[in-house]
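Survey of secondary and tertiary structure
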Amino acid sequence: MSSRRSKAVAFAACAVLWVYAAEDYTTFVNPLMGTMSSYELSAGNTYPAIARPWGMNFWTPQTGVMGDGWQYTYDAHCIRGFKQTHQPSPWINDYGQFSLMPVTKNPVFEESERASWFSHKAEQATPYYYSVYLADHDVLAEMTPTERAAAFRFTFPEGESYVVIDAFDCGSEVNISADGRKVSGRTTRNSGGVPANFANYFVVEFDKPVSYVATFGKAVKGDSLILKAGSEEFSGFHAGAVIGFNTERREQVMVRVASSFISAEQAELNLKELDGRDFESLVSEGKEVWNNVLGRLAVNDTEADNLDRKRTFYSCLYRSTLFPRKFYEINSEGQPVHYSPYSGEVLPGYMYTDTGFWDTFRCLFPLLNLVYPSVSHEMQEGFLNAWRESGFFPEWCSPGHRGCMVGNNSASVMADAWLKGICVSDPEALWRGVISGANSVHPTVSSTGRLGWEEYNKLGYVPCDIGINESAARTLEYAYDDWCIYRLGKALGRPERELAQYKRNALNYKNLYSHEFQLMRGRRADGSFADPFSPLKWGDVFTEGNAWHYTWSVFHDPAGLISLMGGNDNFVAQLDSMFTIPPLFDDSYYGFPIHEIREMTVMNMGNYAHGNQPVQHAIYLYDWALQPWKGQFWLRRTMDSLYSPVPDGYCGDEDNGQTSAWYVFSALGFYPVAPGSNQYAIGSPLFRNVSIRLENGNIVNISAPANSETTPYVDKLTLDGAVIDRNYLAHDELIGGCDIDFTMSAVPNTVRGTSSTSAPYSFSNQK
Ligand code: CA
C-alpha cells in the first residue's frame, strides 16, 4: 500500500516529465542533415555525431581518408572505420582520434584495403545509435555511445573475423593483453591547440576468446605500413592492432571502448560508464537521455503537413546540444577533473571545448542559457578555468586556443550567462578575466584576446592600414563586446570609473559608418576612409562577408544605427536592398569565391548570406525600424527554403550549433539579437503549439492556432492574455513561465508593432 501510494505521488510530481517522455523526439532527428557537403560548397559541413548530448567523445562512420576533415560525406560509397572524433568543423579538423573496423576473411588493416561498400538503405543513424551493413565483409556493425565510452556490436559471418584498431599516424601506440581480449593504446594526433604532452589514452575490450593477434604500423613517417602477426605491442609514427576470432554464422561480438585525455588508468575508470548494461540497455538509455534534452522544447503539432518542419526543428535542436563538448572526466572520488589543453596539467573542475565564439555567441549560448542553464553553468565554470590556466578566455577552442576568426566575443558569452542568473562561483575572477581579455592579446594566438586593442582604445577603431586584417569586423565586434562588459560590470556592481571606458567604446561602431554609402567601411589611422570602397568586397576589412553583411553588426544599438542612417524609412530601404541587389560579389581579397560566397549566390536571396554568421540576426532588425512584417516575411522564407531535414539541408556551415539554434529560436517565434540585453526580438513562429519546459519547472506555452505555411504575418500577440504591441519579449517573462498567443495572418498587419515604444532594446535609448 505504501509503495503504491509513493508511486502515485511520484507520478503526480513527474507528470510534466511523463507527458513529454511519451513522445520519442529522437525519431524526428536526422543526424545526416548537412553531410552532403564538400570543400567548394557546404550544405552544413556536418558529420553524423553519434553521441550523448555534449559528450566528451563522438563517434562517426568514416568515409574520408585519415586526416581528411570531410570525414563522412553523404555521397561516399565506402566506410573505412568507426572513428572516435572530437572534430568541431572540417576547417579546424580533429584531435585524439582513433578507429575500429570489423573485417573478415583476411586481416586487412590498411584503410583503403579494409574499406567496405555500404548503402544508406542499409544504414540507420540516430543520435544515440548507428548501424550499417558492411557489404565487403558481410558484417552488420552497430554502435552506441555514452559520454566517454561506447559499445560496439558486430554481427559476423562464419569463419575468420577480425577487428582492426587504428590509432592513426603522427605518434601512436598499442598494447595487446596476454589473452588478446584487451587492447590499450594512445593516439597523439591533433591539429594544434594542445600542449606537448597531449594524448588520448584508449582501452578496447572484447567479450569473446581471441584466436589471432597482430600489430601493424610504421616506426617513422615514410616507412611502409607493416603487419606483424603475433606481435603484442607497437609504438611509433603509426600504430594499430588486429584482433581475430573464429565466428559462427551471425555470431555477435561485443566490443567495449573508452578513452581518457588524462591517463590510461582514467580510461579504465571511464570504461565503467558501460558497467552493468548490455548493448540493448545502453541503446535505450541513450534514447532516454536524448529525449530528456530534446523534449525540453515540445512541438505539439500533429498535423502531417508539418512533419518536415518538425524533423528540421529536432535535427537542429540535436545539433544545438552537441557543442561545446565536455572535456572533463570523473575521477575515482566522483569529482570532475580535467586535462588542461592550456597548461598540460591535470586539474580539478570542469572544462568544455570545441566551439568558436565568433559563431556561437550569437544565439547558441543564449539557447543554452534559456533551456539548459545547469549545463551552461558548467560551461561557464569551464571557461573560467580556461582563463585561470592560460590567462585568456577562449575565443576559438579545440581543445586549446586556436587561431581562427576575430572578435572578443567571450565577453558576450560570459556576460549573457551572468545577466541571466547563471553565475560562476568567482565573480571577481570573471571580471578580471573579461577586462584583461579586452586590453591584451594572446602572445601566440592572435585571435584570442583583442588584436589591435591599443589602437582601438586610442582611436576608437582598429585602423585598416597597420597590418591587422579584418579591422572593421574587429572594431564592430569589439564595440558590441564593450557594451557586454559594461552591462556585466554594472550587474557585478563595479564602480562607474571602471566602466567608463566600456560605456564610451560601446559606441565605437559609429566611427566606421560612411554617410556617403550608408555602410560600414574600413578606416585608416589618419582618420580617412579606405579607398577605393567596394561594397561587394568580401574579406579585407571584414571577416567572410562584405559591407552589406557587416553594417548590421550593431547588435546592442540598432536605434543608434537607424539614427546614423537617417531614420526608420532609410534604414528599412537599406535593409531591403540587401535582399534585392543581385548576388554580385568581389572576391579579389581571397582570389577565388570562398564557399561562403558561393553559398550566398545560389540561394536566390540577393546579397543576404544566411549561410554565414555575421548577418544571421539582420532580418530581426526590422523590429527596431517598426516594420516587423517585413522581417516576418524574410524569416519564413529563410526557415522554409534554406533548411530541410535532408543531407543537403543547411545553406552553409552549420558551425557548432549556431546556424541550427537560429532555426530553433526562429521557429519558436523570437530571437536573441543582442545577447546581454535579456530581450528576444519577435519573429514569425512556425508551429501551432510549442511548450518550453524550463529547468525551473515553469512552462512557456507558445500558441499560434491555425498557423500554416501561408500565414507568416503576426496579426495580434497576447502575453498571458493581455494584448502587447511591442516587438520583443523579456527573458524574465519567459523564465517566469507564460502563455504567448500569436494570431497569424496571410496578409501583413502594418499597424501592429509600429508605435515608438514597440522597438526592442537599444543602448542609445537607455538612460
Ligand atoms: Ca561560418
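Residues numbered from 1 in each chain as written. Predicted model: local features only at pLDDT ≥ 70, side-chain atom pairs only at ≥ 80, totals over all residues. Heavy atoms only, no water.

A word on the coordination of the calcium ion
The protein atoms donating to the calcium ion are Asn612 (OD1), Gln613 (OE1) and Asp655 (OD), with metal-donor distances spanning 2.3 to 2.4 Å. Read in sequence order, the donor residues for the calcium ion give the motif N-Q-x41-D. Like Gln613, Asn612 is buried. (Donors = N, O, S within 2.8 Å, 3.2 Å for Na, K, Ca; no water. Buried < 20%, exposed > 50% of the residue type's maximum accessible area, 1.4 Å probe, protein only.)

Details of the packing of aromatic side chains
Both the distance between ring centres and the angle between the ring planes are used here to describe each pair of aromatic rings. A full pass over the atoms with the stated rule returns 55 aromatic pairs. Ring centres of Tyr39 and Trp91 lie 5.5 Å apart, and the angle between their planes is 55°; this geometry places the pair in the tilted category. A residue pair is termed long-range when its members are at least 10 positions apart, and Tyr39 in the loop between helix H2 (15-21) and strand E1 (58-62) and Trp91 in the loop between strand E3 (81-85) and strand E4 (98-104) qualify at 52 residues. The class of Tyr39 is partly exposed, set by a relative accessible area of 47%. A relative accessible area of 37% places Trp91 in the partly exposed class. Plain terms: the ring middles of Tyr643 and Tyr663 are 4.8 Å apart, the flat faces sit at 45° to each other, and that makes the pair tilted. Of this pair, Tyr643 sits in the loop between helix H19 (628-642) and helix H20 (658-668) while Tyr663 sits in helix H20; the two residues are 20 residues apart in sequence, bridging distant segments of the chain. A single burial state applies to Tyr643 and to Tyr663, both of which are buried. (Phe/Tyr/Trp six-rings, centres within 6.5 Å; stacked < 30°, edge-to-face > 60°. Helix = DSSP H or I, 4+ residues; strand = E, 2+ residues; numbered from the N terminus.)

Quick word on empty space enclosed by the protein
A complete count under the given rule lists 4 cavities of 30 Å³ or more for this structure. Size it by volume and the largest cavity reaches roughly 110 Å³. Every residue lining the largest cavity is counted, 16 residues in all, and those nearest its centre are Asn45, Thr46, Pro88, Glu654 and Asn656. Roughly 70 Å³ of internal volume is contained in the second largest cavity. Lining the second largest cavity are 13 residues, and of these Asn45, Thr46, Gly69, Trp70 and Gln71 lie nearest its centre. Tallied by class, residues from the lining of the second largest cavity come to 4 nonpolar, 9 polar and no charged. (1 Å grid on protein atoms, 1.4 Å probe; cavity = no way out; pocket = protein on both sides within 12 Å on 5 of 7 lines; lining within 4 Å. Points joined across faces, edges and corners; volume = space filled by probe spheres on them. Nonpolar A, V, L, I, M, F, W, Y, C, P; charged D, E, K, R; others polar.)

Details of the pairing of strand E11 (residues 172-176)
Side chains of E11 alternate between two faces, with Ser172, Val174 and Ile176 buried and Glu173 and Asn175 left unburied. Adjacent in sequence and paired antiparallel, E11 and strand E12 (residues 182-187) are bridged by 5 residues, among which Gly180 carries a positive phi angle near 80°. Across 4 bridges, the pairing between E11 and strand E16 (residues 233-236) is antiparallel. The residue bridging Asn175 from the neighbouring strand is Glu233, located in E16. (Pairing = 2+ DSSP bridges.)

As for the state of the cysteines
In a disulfide, the sulfur atoms of two cysteines are held together by a covalent bond. For the structure on display, the rule yields 0 disulfides. Cysteine Cys316 shares no disulfide, and the gap to the nearest cysteine sulfur, in Cys651, comes to 10 Å. (Disulfide = S-S within 2.5 Å.)

Structural notes on the sheet that holds strand E35 (residues 728-730)
Pairing in this open sheet of 3 strands is antiparallel, and the strands run E29-E30-E35 from one edge to the other. Across the chains shown, the open sheet's two edge strands, defined by having one partner strand only, are strand E29 (670-671) and E35. Judged from the 3 bridges that link them, strand E30 (residues 679-682) and E35 form a sheet pairing that is antiparallel. Among the inter-strand pairings, Gln679 is bridged to a residue of E35, identified as Ala730.

Brief notes about helix H14 (residues 496-505)
An α-helix turns once per 3.6 residues; consequently, residues spaced three or four apart project the same way. The set of residues buried in H14 consists of Leu499, Tyr502 and Asn505. Looking straight down H14, one finds its buried side chains confined to an arc of 125°; they lie on one side. Those residues of H14 that are exposed and angled more than 90 degrees off the buried face are Arg497 and Arg504. Where H14 is buried, its residues contact helix H11 (427-438), helix H12 (453-459) and helix H13 (471-491). (Arc of directions from axis to C-beta. Contact = heavy atoms within 4.5 Å.)

Some thoughts on the packing of H13 against H14
It is the contact of H13 with H14, at a shortest axis distance of 7 Å, that shows an interaxial angle of 150°. One finds that H13 runs roughly antiparallel with respect to H14. Of the two elements, H13 crosses H14, and the hand of that crossing is left-handed. Contacts between H13 and H14 involve Ala479, Asp482, Trp483, Ile485, Tyr486, Gly489 and Lys490 from the first element and Glu496, Leu499, Tyr502, Lys503 and Asn505 from the second. Within the contact of H13 with H14, the residues separate by chemical class into 6 nonpolar, 2 polar and 4 charged. (Axes fitted to C-alpha atoms, helices over the stretch in contact; angles between N-to-C directions. Parallel < 35°, antiparallel > 145°, perpendicular 65-115°, else oblique. Left-handed = near helix turned anticlockwise from the far one by under 90°.)

Keep in mind these numbers describe shape, not what the thing actually does.
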